[in-house]
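What follows is the residue order along each chain.
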Amino acid sequence: DAGVIQSPRHEVTEMGQEVTLRCKPISGHNSLFWYRQTMMRGLELLIYFNNNVPIDDSGMPEDRFSAKMPNASFSTLKIQPSEPRDSAVYFCASSLYGSSNQPQHFGDGTRLSIL
Amino acid sequence: QQQVKQSPQSLIVQKGGIPIINCAYENTAFDYFPWYQQFPGKGPALLIAIRPDVSEKKEGRFTISFNKSAKQFSLHIMDSQPGDSATYFCAAGWSGGTSYGKLTFGQGTILTVHP
């Protein structure tokens, strides 16, 4: 069974450019989470979706960040315009929303560097 | 009240030692406490989880101890091996309302096990 698939694995771009990160959750999972990991702030939840609907975006740092989930098998996280402080590893995770907490399965992340 | 505080930040033990990682939380509504293990270049992966109706859970060499009154829980790794060298995250979640499925992560502990 394929796990959570993220692309690209690495992204290096210049400040001001638009960045789009992609995620394919595990088939059948209906919750999707976007995290950002840095040494200073650890693992931060940015936004999560249940059944393709954004439930909590309180972790999105500012309006430059946006996320969409047009269908159950695809999500994007977009940064426009990008800034050097956005450099981090971005993880997508999915889980099965049900009657009890289900484990979140993480992808291997996108390492983003903004020059 | 959403925070989960994890200590120590880093830990070095010899092979066969028993590293212990501690976490504390404030929100008594939390009812799910997982531990995640992360290797370099990979996403976090669920290691073991506990609910507050039990005080201890063992899976192989990994044990979670849970103290509900103190609002603390800890991970013990018995007979640690160099392959256990990784970053460990505790987390907490709860089953209520719109926060269902959402996890709050600790800052992480970098564990090094020397041969």
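You'll find the structure just up there.
Residues numbered from 1 in each chain as written. Chains lettered and ligands numbered in written order. Predicted model: local features only at pLDDT ≥ 70, side-chain atom pairs only at ≥ 80, totals over all residues. Heavy atoms only, no water.

Colleague: Would you take a moment to explain the interface of chain B and chain A for this structure?
Modeller: Many authors give the size of an interface as the accessible area that is lost as the parts come together. Each partner contributes to the interface: chain B provides 21 residues, whereas chain A provides 26 residues. At the boundary of chain B with chain A, the tally comes to 2 salt bridges. A salt bridge links Lys 42 of chain B to Asp 108 of chain A; the shortest N-O distance between them is 3.4 Å. Counting across the interface, chain B meets chain A through 6 residue pairs in polar contact (both at pLDDT 80 or more). Of all the elements in the fold, those that place two or more residues in the side of chain B that touches chain A are β4 (33–38) and β10 (103–105) of chain B. Each residue belonging to the side of chain B that touches chain A can be placed in one class, and the counts come to 9 nonpolar, 8 polar and 4 charged. (Contact = heavy atoms within 4.5 Å. Salt bridge = Lys/Arg side-chain N within 4 Å of Asp/Glu carboxyl O. Polar contact = N/O pair within 3.5 Å; in protein donor to acceptor, adjacent residues only side chain to side chain. Helix = DSSP H or I, 4+ residues; strand = E, 2+ residues; numbered from the N terminus. Nonpolar A, V, L, I, M, F, W, Y, C, P; charged D, E, K, R; others polar.)

Colleague: So what exactly am I meant to see when it comes to the pattern of salt bridges here?
Modeller: Where charged atoms from two side chains of opposite charge approach closely, those side chains can pair. All told, the structure shown has 12 salt bridges over all chains when counted by the stated rule. Through salt bridges that share partners, Glu 62, Arg 64, Glu 83, Arg 85 and Asp 86 of chain A make up one connected network.

Colleague: Help me understand the packing of aromatic side chains in this model?
Modeller: Any pair of aromatic rings gets described here by the distance separating the centres and the angle formed by the planes. Evaluated as defined, the whole model comprises 17 aromatic pairs over all chains. Each ring, one from Tyr 25 of chain B and one from Phe 30 of chain B, has its centre 6.1 Å from the other, and the planes form 70°; the classification is edge-to-face. Comparing Tyr 25 of chain B with Phe 30 of chain B shows no difference in burial state: the two are buried. Taken together through their ring pairs, the aromatic side chains of Phe 33, Tyr 35, Tyr 48, Phe 91 and Phe 106 of chain A together with Tyr 36, Phe 89 and Phe 105 of chain B make up a single cluster. (Phe/Tyr/Trp six-rings, centres within 6.5 Å; stacked < 30°, edge-to-face > 60°. Buried < 20%, exposed > 50% of the residue type's maximum accessible area, 1.4 Å probe, protein only.)

Colleague: I tried to follow unusual backbone geometry on my own but got confused; where do I start?
Modeller: For residues other than glycine, phi is negative in most cases, and the peptide bonds are mostly trans. Between Ser 7 of chain A and Pro 8 of chain A the backbone carries a cis peptide bond, its omega angle lying at -10°. Its location among the elements puts Pro 8 of chain A in the loop between β1 (5–7) and β2 (10–13). With an omega of -10°, the peptide bond running from Gln 80 of chain A to Pro 81 of chain A counts as cis. Here Pro 81 of chain A lies in the loop between β8 (74–79) and β9 (88–95). One non-glycine residue, Asn 52 of chain A, lies in the positive phi region at around 75°. On the accessibility criterion, Asn 52 of chain A (29% relative accessible area) is partly exposed. Even without being a glycine, Asp 79 of chain B presents a positive backbone phi close to 45°. Residue classification places Asp 79 of chain B among the partly exposed positions, given a relative accessible area of 42%.

Colleague: Would you explain the sheet that holds strand β3 (residues 19–24) of chain A in this entry?
Modeller: Strands pair in a sheet through their backbones, by hydrogen bonds, and they do so in one of two ways: parallel or antiparallel. All names here are of chain A. Pairing is antiparallel in the open sheet, where 4 strands are placed in the order β1-β3-β8-β7. The open sheet has two free edges, formed respectively by β1 and β7 (65–71), since each of these has just one partner strand. Direction aside, neighbouring strands of the sheet carry axes that sit 15° apart on average. As judged from the 5 bridges shared by β3 and β8, these two strands associate in the antiparallel manner. (Pairing = 2+ DSSP bridges. Axes fitted to C-alpha atoms, helices over the stretch in contact; angles between N-to-C directions.)

Colleague: What is the right way to look at the nonpolar core in this model?
Modeller: One broad rule of soluble globular proteins: the nonpolar side chains tend to lie buried together. Grouped together as the largest cluster of nonpolar side chains are 25 residues, with contacts concentrated most on Phe 33, Trp 35, Phe 73, Leu 75 and Tyr 88 of chain B. Where this core is concerned, the elements lending two or more residues are β2 (10–14), β3 (20–25), β4, β5 (45–50), β7 (62–67), β8 (72–77), β9 (86–93) and β11 (109–114) of chain B. Phe 73 of chain B has contacts with Ile 21, Asn 22, Cys 23, Tyr 25, Phe 33, Trp 35, Ser 65, Phe 66, Cys 90 and Ala 91 of chain B, leaving out every residue within four places of it along the chain. Counting residues in hydrophobic clusters, the runner-up holds 21 residues, among them Leu 21, Cys 23, Ile 26 and Trp 34 of chain A. (Core = buried A, V, L, I, M, F, W, Y, C linked by side-chain atoms within 4.5 Å.)

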